[in-house]
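Now for the letters of each chain:
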Amino acid sequence: MIGATLLVTPLLIRLNIAQWLAIPGRQTLTLYVAHILIGMGLLEAMGKLDGSLSSPMIFTIAILFATLTSLYAQLWSRINPRGPLEALMRLITEGKNK
């Protein structure tokens, strides 16, 4: 997968997609926590973590969640280049270094 990504990177850069993909990468902590609390939390609240979902349904949910969180990251990046949790972590760690 890494090799395939490296092969298509020049194309992604030419098509100006690489920057669009980099923005969620700067918010990985926020998006990971959202995945656990929101994504998995909703599935648990709906009683769907019991193995009853089919593989195509799981794939659809995953793509939908990734799309929504990527859109969120794009919008948030207009306010702050770091995600909310990344900004909080930076504030906490910089405060201890001073």
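Residues numbered from 1 in each chain as written. Predicted model: local features only at pLDDT ≥ 70, side-chain atom pairs only at ≥ 80, totals over all residues. Heavy atoms only, no water.

> Hey, could you go over the overall build of the chain for me, with residue numbers and the actual values?
Within the chain, the secondary structure is distributed over five helices and zero strands. Starting at the N terminus and ending at the C terminus, the chain contains elements arranged as α-α-α-α-α. What you see for the chain is a C-alpha radius of gyration of 17 Å, clearly larger than the 13 Å of a compact globule of 98 residues, by over 25%. Dimensions of the chain, computed from C-alpha atoms along their principal axes, come out at roughly 50 × 40 × 25 Å. Among the 98 residues that make up the chain, the fraction classed as buried is 14%. Restricting to contacts in the chain with at least 6 residues of sequence separation, those with at least 24 account for 70%. For the chain, the exposed surface amounts to about 7600 Å²; the carbon and sulfur share of it is 72%. (Helix = DSSP H or I, 4+ residues; strand = E, 2+ residues; numbered from the N terminus. Rg over C-alpha atoms; globule rule 2.2 N^0.38 Å. Buried < 20%, exposed > 50% of the residue type's maximum accessible area, 1.4 Å probe, protein only. Contact = heavy atoms within 4.5 Å. Areas by Shrake-Rupley, 256 points an atom, 1.4 Å probe, with all protein chains shown as cover.)

> Explain the environment of L7 to me, and be specific about the residues and the numbers.
Structurally, L7 is set in helix 1 (residues 2-14). Taking the C-alpha atoms as reference, L7 lies 25 Å from Q74; in sequence the two are 67 residues apart.

> Tell me about the packing of helix 2 (residues 18-25) against helix 4 (residues 55-76), and please be specific about residues and values.
Contact geometry for helix 2 and helix 4: axes closest at 8 Å, N-to-C directions at 90°. Viewed along their axes, helix 2 and helix 4 adopt a mutual orientation that is roughly perpendicular. Only S70, A73 and Q74 of helix 4 make contact with helix 2, whose side of the interface consists of W20, I23 and P24. Class assignment of the residues belonging to the contact of helix 2 with helix 4 gives a composition of four nonpolar, two polar and no charged. (Axes fitted to C-alpha atoms, helices over the stretch in contact; angles between N-to-C directions. Parallel < 35°, antiparallel > 145°, perpendicular 65-115°, else oblique. Nonpolar A, V, L, I, M, F, W, Y, C, P; charged D, E, K, R; others polar.)

> I'd like to hear about helix 3 (residues 28-45), residue by residue, with values.
Given a rise of 1.5 Å per residue, 18 residues ought to cover 26 Å, and the 24 Å separating the end C-alpha atoms of helix 3 matches this to within 8%. At H35, helix 3 is bent by approximately 30°, the largest bend along its length. Within helix 3, burial applies to T30, L31, A34, G39 and L43. (Expected span 1.5 Å × (residues − 1). Bend = angle between axes of the 7 residues up to and from the residue.)

> If you had to explain helix 4 to someone new, which residues and values would you point to?
Between the first and last C-alpha of helix 4 there are 31 Å, a value that for 22 residues agrees with the 32 Å anticipated at 1.5 Å per step. Three or more residues of helix 4 are buried, namely T69, S70, A73 and Q74. Angularly, the buried residues of helix 4 cover 145° about the axis, an arc narrow enough to put them on a single face. Away from the buried face of helix 4 by more than 90 degrees, exposed residues P56, L64 and L75 are located. Buried-residue contacts for helix 4 involve helix 2 and helix 3. (Arc of directions from axis to C-beta.)

> Give a detailed account of a nonpolar patch on the surface, specifying residues and quantitative values.
Where nonpolar side chains cluster on the molecular surface, the patch consists of L11, L15, I17, W20, L21, L64, L68 and L71 and spans about 730 Å² of accessible area. Of all the secondary structure elements, the ones that give two or more residues to the nonpolar patch are helix 2 and helix 4. For the nonpolar patch, the element with the highest residue contribution is helix 4, accounting for three residues. Within the fold, L11 resides in helix 1. Residue L11 is classed as partly exposed on the basis of its relative accessible area of 40%. (Patch = residues over 30% accessible without salt bridge, like charges linked within 9 Å, V, L, I, M, F, W, Y side chains within 5 Å. Salt bridge = Lys/Arg side-chain N within 4 Å of Asp/Glu carboxyl O.)

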